[in-house]
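Coordinates in review
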Amino acid sequence: LRIDVDALKTAIAEDRAAGFKPACIIGTAGTVNTGAIDDLRALAVLAAEEDLWFHVDGCIGALIAIAPENRSLVAGIERAHSVALDPHKWLHAPFEAGCSLVRDAVAHRNAFAVTPEYLESTPRGLASGQWLHDYGLQTSRGFRALKIWMSLKEHGIEKFGRLIDQNIAQAGYLTELIRVEPALELTAPTTINIVCFRHRLDGASEERLKAFNTEIMLRLQEEGIAAVSDTTVHGQHCLRVAITNHRTRRDDLDLLLRETLRIGLEIKAAALPD
Ligand SMILES: *Cc1c(COP(=O)(O)O)cnc(C)c1O
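In short, a report on the structure. (Residues numbered from 1 in each chain as written. Predicted model: local features only at pLDDT ≥ 70, side-chain atom pairs only at ≥ 80, totals over all residues. Heavy atoms only, no water.)

**Side note on helix α7 (residues 206-222)**
We apply this condition: Put simply, DSSP H or I for four residues or longer makes a helix, DSSP E for two residues or longer makes a strand, and each gets a number counted from the N terminus. The span you would expect from a helix comes to 1.5 Å times its residue count less one. The buried label goes to any residue with under 20% of its type's maximum accessible area, the exposed label to any with over 50%, and the partly exposed label to all in between, with areas taken from a 1.4 Å probe on protein chains only. The arc in question is the one spanned by the directions pointing from the helix axis to the C-beta atoms. In what follows, a contact means two residues having at least one pair of non-hydrogen atoms within 4.5 Å.
Across its 17 residues, α7 extends 24 Å between first and last C-alpha, which sits within 8% of the 24 Å expected from 1.5 Å per residue. Three or more residues of α7 are buried, namely L209, F212, N213, I216, M217 and L220. Angularly, the buried residues of α7 cover 135 degrees about the axis, an arc narrow enough to put them on a single face. In α7, those exposed residues whose orientation departs by more than 90 degrees from the buried face are E207, R208 and E222. In this fold, the buried residues of α7 make contact with β6 (194-199), β7 (229-233), β8 (236-242) and α8 (250-271). Positive backbone phi, at 75 degrees, marks G224, one or two positions downstream of α7.

**A look at the site of the ligand**
Rules: Any residue with at least one heavy atom within 4 Å of a molecule or strand is counted as near it. The definition of a polar contact used here is a pair of N or O atoms within 3.5 Å, where within protein one atom must be able to donate a hydrogen and the other to accept one, and adjacent residues in sequence count solely through side-chain atom pairs. Under the convention used here, a 1.4 Å probe and the Shrake-Rupley method define accessible areas, while residue burial counts only the protein chains that appear. Under the scheme applied, nonpolar residues are Ala, Val, Leu, Ile, Met, Phe, Trp, Tyr, Cys and Pro; charged residues are Asp, Glu, Lys and Arg; polar residues are all the others, including Gly.
Contacts to the ligand come from G30, V32, D57, C59, I60, D86, H88 and K89. D86 places a side-chain nitrogen or oxygen 2.8 Å from an oxygen atom of the ligand. Separating an oxygen atom of the ligand from a side-chain N or O atom of K89 is a distance of 2.7 Å. A total of 380 Å² of accessible area belongs to the ligand in isolation, and the protein chains cover 60% of it. In terms of residue class, the shell around the ligand is made up of 3 nonpolar, 2 polar and 3 charged.

**Quick look at helix α2 (residues 40-50)**
Residues L40, L43, A44, L46 and A47 constitute the buried set of α2. Along the axis of α2, the buried positions cluster into a sector of 165 degrees, meaning they face one direction only. What points out from α2, more than 90 degrees from its buried face, is the exposed set R41, A48 and E49. Looking at the buried residues of α2, the elements they touch are α1 (5-17), β1 (24-28) and β2 (53-58). Backbone geometry just after α2 places D51 at a positive phi near 60 degrees.

**Some details on a nonpolar patch on the surface**
Definition in use: The residues that make up patches have over 30% relative accessible area and no salt bridge, and they are joined within 9 Å when like-charged or within 5 Å when they are Val, Leu, Ile, Met, Phe, Trp or Tyr. Between Lys or Arg on one side and Asp or Glu on the other, a salt bridge is scored when a side-chain nitrogen of the former is within 4 Å of a carboxyl oxygen of the latter.
A contiguous nonpolar surface patch, about 470 Å² in accessible area, is contributed by F143, L146, W149 and M150. Position of L146 among the secondary structure elements: in helix α5 (residues 145-155).

**Considering unusual backbone geometry**
Backbone torsion omega between F95 and E96 reads -20 degrees, so that peptide bond is classified as cis. Looking at where E96 falls in the secondary structure, it is placed in the loop between α3 (87-90) and β4 (99-102). Although it is not a glycine, H234 sits at a positive phi angle of roughly 50 degrees. Along the chain, H234 falls in the loop between β7 and β8.

**Some words on the packing of helix α6 (residues 157-179) against α8**
Let me state the cut-off plainly: The angle between two axes is taken between their N-to-C directions and runs from 0 to 180 degrees, where each axis is a line fitted to C-alpha atoms and a helix contributes only its stretch in contact. Roughly parallel covers angles under 35 degrees, roughly antiparallel covers those over 145, roughly perpendicular covers 65 to 115, and oblique covers all other angles. The handedness criterion is simple: a crossing whose near helix is rotated anticlockwise from the far helix by less than a right angle is left-handed, and one whose near helix is rotated clockwise is right-handed.
α8 packs onto α6 with a crossing angle of 30 degrees between their chain directions and a minimal axis gap of 10 Å. In this view, α6 runs roughly parallel relative to α8, as classed from their interaxial angle. For α6 against α8, the interelement crossing comes out right-handed. Across from A169, Q170, Y173, L174, L177 and I178 in α6, the residues of α8 making contact are R250, L253, D254, L256 and L257. Counted by class, the contact of α6 with α8 contains 8 nonpolar, 1 polar and 2 charged residues.

**A few points about the nonpolar core**
Applicable threshold: Among buried residues, the Ala, Val, Leu, Ile, Met, Phe, Trp, Tyr and Cys ones that are joined through side-chain atoms within 4.5 Å form a nonpolar core.
Core analysis: the biggest nonpolar cluster contains 38 residues, and I25, L40, F54, V56 and I64 have the highest contact counts within it. Those elements that provide at least two residues to this core are α1, α2, β2, β3 (82-85), α6 and β6. Ranked by the residues each element gives to this core, the list is headed by α2, at 5 residues. Once residues lying within four places of it in the same chain are set aside, the contact partners of V56 are G27, A29, L40, I77, A80, S82, V83 and A84. Counting 22 residues, the second-largest nonpolar core is a separate cluster that includes F197, M217, I263 and I267.

This is the structure:
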């Protein structure tokens with residue numbers, strides 16, 4: 001579920017040979033479906049060798065860089081030319097607050113700055129500072145940075161780092177519970193805070209497994225037990241647990257699996273002919 005770096009090398013060479021001009025390598029620090037993290041160090045080296053821009057989609061995982069126990073998972077991200085990250089995910093900021101960081105401030109400004117007369121700056125007065133609209137698409141824009149700055153001031157970066165480590169440890173705990181439960185199976189390796197698994201159903205086709213697990217998911221949601229989502233990994237439909245809440249406790253994860261098994265039994269019992 002990660003970029004195959006050798007295959008990427010070959011694809012770049014093939015593109016060049018065909019007259020295309022590759023511009024950028026985009027690595028992912030935490031995919032949506034499974035939380036997989038690319039080998040960011042290897043991608044940084046390749047981007048340098050090939051003279052390509054290196055961007056990291058770190059919407060989920062860039063912030064792992066502040067988590068003491070897990071920061072090595074995103075090693076190499078510091079070499080990116082640009083990084084996207086979402087404070088409204090693992091920094092617990094209220095929706096919405098997306099963020100992108102660009103290393104080369106001049107390139108960043110040149111990409112967006114336009115100066116019609118009504119936006120020209122003056123050496124003094126109200127128009128003498130930096131225009132924030134020179135760094136993005138919007139001209140009129142809300143001050144989303146304020147809520148992030150406030151919560152960093154209030155809680156401190158260390159606390160957010162600890163909470164990320166805590167969620168990753170909880171995902172590891174949940175993964176172990178699933179591994180030892182014969183009625184359940186993992187459908188992807190757990191790297192960070194995302195766990196993909198499904199309820200088994202002996203001899204069932206993929207189609208029936210999907211219907212069965214979808215019904216489990218909907219009942220978990222509708223009965224107010226847990227907000228589990230679903231996805232498909234390597235053709236296997238599965239339930240997806242993403243743990244980002246600072247209030248989550250291991251008890252909650254015990255409950256989730258207990259209820260998954262209970263609902264599984266209920267559905268099977270109802271489907272059996274008398
Ligand atoms: C959430 C997410 C995005 C973009 O989502 P926004 O919430 O619109 O910023 C992009 N990539 C990944 C991997 C994500 O998890």
